[in-house]
Amino acid sequence: MDEIFESHLNNLITSFSFELQPIINASNFKITDYEFLLRSKKSNRFPLNEFNLITQNDTNNTIYMQWLKKALVQELIKDPAKIISVNLDPQQLIYPSTHVFLSEMAKYHSQLTIEITEQKPLTTEQRPCFSNQLCQMEQLGYKLAFDDIGSGQNTLELLLHELEHFKRVKLSILKFQKLNTKLLAELLTFFHMLAQDEQLELVVEGIDCMEKAELALNHGICLQQGFWWRDLINNQQLNQLHNLGK
């Protein structure tokens, strides 16, 4: 790798930070686990352009995987009871550096969930390998989650095709903001029924107000995630929610 370009990549890495966003059981207000969300130190948002660059090939991805491993190990050692979900794009699964990362982190498999994201769709040539890659992660002991169902490449068809590999499915209602409350309720009902029938955990993401938290809970969906819950937890205000869903 060119030294100047490598220096640029390392500078990108130093601009990264992360947030551990809690996933909460809304029926008892207990945190079940956390999602590792990549953030830019400058904007506190997901650094899309920088992430695309750092994961565009195996050489670049190696640098990111090393940074991610260090950040995760620090958190997992700090609290051995903590469970963290980590996002991987399908494209990253073809890189040897990702498999090195997964092998090295396998000792913490009971504390890690691997979320397969909807971004960077697999090419026609890559698709046949997808099932094998999921199998390999399972063999290492990882729990797999299907992220943002209904968005990008993560269609219902793909989930049903690879269903045997997944223990959790995540639905972001932020992706369906144009639906009225009645239609959103029908959507939640469908995915709750699917999750029950297929024995999947269902997490609803994008909870940004009490009304959405109650809507999900009233449709049987206890596992929830979003900045509304995060802010309540950070401000120690969960004790105000005794009547949620009642």
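Caption draft 1: Focus on the nonpolar core. In this structure, Tyr-64 and Trp-229 are the most contacted members of the largest nonpolar core, which totals 69 residues. Sequence-distant contacts of Tyr-64, defined by excluding residues within four places in its chain, comprise Ile-13, Phe-16, Leu-38, Phe-51, Ile-54, Thr-55 and Gln-92.

Caption draft 2: Local environment of the packing of aromatic side chains. The full count for this structure, using the stated rule, is eleven aromatic pairs. When the ring of Phe-36 is compared with that of Trp-67, the centres are 6.1 Å apart and the planes differ by 75°; the resulting orientation is edge-to-face. Taken together, the residues span a long stretch of sequence, with Phe-36 in strand β2 (residues 30-40) and Trp-67 in helix α3 (residues 58-78) at a distance of 31 residues.

Caption draft 3: Summary view of helix α4 (residues 96-105). If you check which residues of α4 are buried, you get Ser-97, Thr-98, Phe-101, Leu-102 and Met-105. Looking straight down α4, one finds its buried side chains confined to an arc of 140°; they lie on one side. Of the surrounding secondary structure, the elements contacted by the buried residues of α4 are α3, β3 (84-88), β4 (112-116) and α5 (127-139).

Caption draft 4: Here's a closer look at the layout of surface pockets. The volume enclosed by the largest pocket comes to roughly 850 Å³. Lining the largest pocket we find 31 residues, and of these Glu-35, Leu-37, Arg-39, Phe-46 and Asp-148 sit closest to its centre. Listing elements by their share of the lining of the largest pocket, those giving two or more residues are β1 (16-25), β2, β3 and α9 (227-234). Of the residues that constitute the lining of the largest pocket, the class distribution is nine nonpolar, ten polar and twelve charged.

Caption draft 5: Spatial organisation of the pairing of β1. Buried residues dominate β1, accounting for eight of its ten residues. With ten bridges connecting them, β1 and β2 associate as antiparallel partners. Within β2, the residue paired with Ile-23 across the bridge is Asp-33. In sequence, β1 turns back onto β2 through a hairpin of four residues, with Phe-29 there showing a positive phi of about 60°. One ladder, built from three bridges, connects β1 with strand β8 (residues 223-225); its direction is antiparallel. When the bridges of β8 are listed, Asn-25 appears paired with Leu-223.

Caption draft 6: Region of the structure containing the packing of α3 against α4. Look at α3 against α4: their axes get within 8 Å of each other, and the N-to-C directions meet at 20°. Overall, the two elements α3 and α4 adopt an arrangement that is roughly parallel. The crossing of α3 and α4 is right-handed. For the pair α3 and α4, the contacting residues are Asp-58, Asn-61, Thr-62, Met-65, Leu-68, Lys-69, Leu-72, Val-73 and Leu-76 in the first and Pro-96, Ser-97, Thr-98, Phe-101, Glu-104 and Met-105 in the second. Split into classes, the residues belonging to the contact of α3 with α4 amount to eight nonpolar, four polar and three charged.

Caption draft 7: Molecular detail of the pattern of salt bridges. Taken as a whole and assessed by the stated rule, the structure comprises 14 salt bridges. In this structure, Arg-168 engages Asp-33 in a salt bridge whose closest nitrogen and oxygen atoms are separated by 2.8 Å. Of the two residues, Arg-168 is situated in strand β6 (residues 168-172) and Asp-33 in strand β2; the sequence distance between them amounts to 135 residues. The pair Arg-168 / Asp-33 is uniform in exposure class, with both members buried. With its nearest N and O atoms 3.2 Å apart, the salt bridge here joins Glu-75 to Lys-78. Of this pair, Glu-75 and Lys-78 both sit in helix α3, three residues apart, which is roughly one turn of that helix. Residue class for Glu-75 comes out buried when judged on its relative accessible area of 11%.

Caption draft 8: Spotlight on the sheet that holds strand β7 (residues 201-205). With respect to topology, eight strands assemble into a closed barrel ordered β1-β2-β3-β4-β5-β6-β7-β8, the strand pairing being mixed. The mean angle between the axes of side-by-side strands here comes to 30°, regardless of whether they run parallel or antiparallel. Of the pairings in the sheet, the one linking strand β5 (residues 143-146) to β6 comprises two bridges and is parallel in character. The residue bridging Phe-146 from the neighbouring strand is Val-169, located in β6.

Caption draft 9: Focus on the environment of Gly-226. Mapped onto the elements, Gly-226 comes out in the loop between β8 and α9. Given the relative accessible area of 4%, Gly-226 is considered buried. Note: C-alpha distance between Gly-226 and Lys-70 (156 residues apart in sequence) is 25 Å. Apart from residues no more than four positions distant in its own chain, Gly-226 is found in contact with Gln-21, Gly-206 and Ile-207.

Definitions and limits used
Residues numbered from 1 in each chain as written. Predicted model: local features only at pLDDT ≥ 70, side-chain atom pairs only at ≥ 80, totals over all residues. Heavy atoms only, no water. Core = buried A, V, L, I, M, F, W, Y, C linked by side-chain atoms within 4.5 Å. Buried < 20%, exposed > 50% of the residue type's maximum accessible area, 1.4 Å probe, protein only. Contact = heavy atoms within 4.5 Å. Phe/Tyr/Trp six-rings, centres within 6.5 Å; stacked < 30°, edge-to-face > 60°. Helix = DSSP H or I, 4+ residues; strand = E, 2+ residues; numbered from the N terminus. Arc of directions from axis to C-beta. 1 Å grid on protein atoms, 1.4 Å probe; cavity = no way out; pocket = protein on both sides within 12 Å on 5 of 7 lines; lining within 4 Å. Points joined across faces, edges and corners; volume = space filled by probe spheres on them. Nonpolar A, V, L, I, M, F, W, Y, C, P; charged D, E, K, R; others polar. Pairing = 2+ DSSP bridges. Axes fitted to C-alpha atoms, helices over the stretch in contact; angles between N-to-C directions. Parallel < 35°, antiparallel > 145°, perpendicular 65-115°, else oblique. Left-handed = near helix turned anticlockwise from the far one by under 90°. Salt bridge = Lys/Arg side-chain N within 4 Å of Asp/Glu carboxyl O.

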